[in-house]
Amino acid sequence: MVILYQSNTGFTREYARMLAKAERLKCFELEDGPQPEAGAEVFYLGPLMAGHIGGLDQAMKHFSVKGICGVGMSPPGEGVMRTLRRANYTADLPLFYLQGGWDPKKVGWLKRRMVGMATRSIRRALQERGSRRTAEEEQGLNFLLRGGSYVAYENLAPIQSWLRECSR
Ligand SMILES: Cc1cc2nc3c(=O)[nH]c(=O)nc-3n(C[C@H](O)[C@H](O)[C@H](O)COP(=O)(O)O)c2cc1C
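So, how was this worked out
Residues numbered from 1 in each chain as written. Predicted model: local features only at pLDDT ≥ 70, side-chain atom pairs only at ≥ 80, totals over all residues. Heavy atoms only, no water. Helix = DSSP H or I, 4+ residues; strand = E, 2+ residues; numbered from the N terminus. Polar contact = N/O pair within 3.5 Å; in protein donor to acceptor, adjacent residues only side chain to side chain. Contact = heavy atoms within 4.5 Å. Near = heavy atom within 4 Å. Areas by Shrake-Rupley, 256 points an atom, 1.4 Å probe, with all protein chains shown as cover. Axes fitted to C-alpha atoms, helices over the stretch in contact; angles between N-to-C directions. Parallel < 35°, antiparallel > 145°, perpendicular 65-115°, else oblique. Left-handed = near helix turned anticlockwise from the far one by under 90°. Phe/Tyr/Trp six-rings, centres within 6.5 Å; stacked < 30°, edge-to-face > 60°. Buried < 20%, exposed > 50% of the residue type's maximum accessible area, 1.4 Å probe, protein only.

A. Expanded view of the side chain of Gln 6. Mapped onto the elements, Gln 6 comes out in the loop between strand 1 (2-5) and helix 1 (11-23). A distance of 3.3 Å separates a polar side-chain atom of Gln 6 from the backbone nitrogen of Gly 55. Those residues in contact with Gln 6 that sit more than four places away from it in its chain are Thr 12, Leu 30, Tyr 44, Leu 45, Gly 46, Pro 47, Gly 54 and Gly 55.

What follows is the structure, given as structure tokens:
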């Protein structure tokens, strides 16, 4: 198995490299630089855009995808997993989700606006709470407005267990 990923603003890359290093697997970036051999077994990680895992279709076409991971800015949970299954062709493969981050400075104005619109109701509700915001809500609002990273090595644990099961 090798690790294959696509990344626009770097969060998925960080996870992919961390995972590859920890599990001593080779790491490739989809359509950039050296590629895995055609048909190679890969674990694929891609960034979420409106629920869609970027690059997944291409990865499925050229390689033997054994597991899939979406990386987004939403907190993990059942809701995200449902969206991932619904919005992507995952062929019942093992599916994981990692919370990456949000970097408004690294995306173009159109994408920034799209995210701005998608998160408007949350931002409005938080802004209206004003000084009654809890520390957690303050952090959430700050994340949506200025960006931030939730990338953490600990988040990789379920994927690492699964990879180890595979190589037994
Ligand atoms: C246009 C656009 C749409 C997005 N849609 C989602 C989404 O549906 N769900 C989510 O959790 N994050 C969404 N995000 C946030 C990215 O998935 C998140 O920033 C991710 O960490 C990016 O990974 P990357 O740095 O590897 O590109 C979106 C970002 C952009 C720019």
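Past the structure itself, the notes keep going.
B. Seen up close, the site of the ligand. Among the 22 residues in the neighbourhood of the ligand, the closest are listed as Ser 7, Thr 9, Thr 12, Ser 74 and Gly 101. A distance of 2.6 Å separates an oxygen atom of the ligand from a polar atom in the side chain of Ser 7. Residue Leu 48 places a main-chain N or O atom 2.6 Å away from an oxygen atom belonging to the ligand. When the ligand sits alone it has 640 Å² of accessible area, and the protein chains cover 90% of it.

C. Structural detail: the packing of helix 5 (residues 120-128) against helix 6 (residues 135-146). Running from N to C, helix 5 and helix 6 cross one another at 135°; their axes reach a closest spacing of 10 Å. Judged by the angle between their axes, helix 5 and helix 6 are oblique. For the pair helix 5 and helix 6, the sense of crossing is left-handed. Seen from helix 5, the contacting residues are Ile 122, Arg 123, Leu 126 and Gln 127; seen from helix 6, they are Glu 137, Gly 140, Leu 141, Leu 144 and Leu 145.

D. Looking closely at the packing of aromatic side chains. Tallying each qualifying case throughout the model produces 4 aromatic pairs. Where Phe 43 meets Phe 96, the ring centres are 5.9 Å apart and the plane angle is 70°; that geometry is what we call edge-to-face. Residue Phe 43 is located in strand 3 (residues 41-49), and its partner Phe 96 is located in strand 6 (residues 95-99); the two are separated by 53 residues in the primary sequence. The pair formed by Phe 43 and Phe 96 is uniform in burial state, with each residue classed as buried. Geometrically, the ring pair formed by Phe 43 and Trp 162 is tilted, given 5.5 Å between the ring centres and 45° between the ring planes. Linking Phe 43 in strand 3 with Trp 162 in helix 7 (residues 157-166), this pair joins segments that are 119 residues apart in sequence. Ring pairing ties together the aromatic residues Phe 43, Phe 96 and Trp 162, which thus form one cluster.

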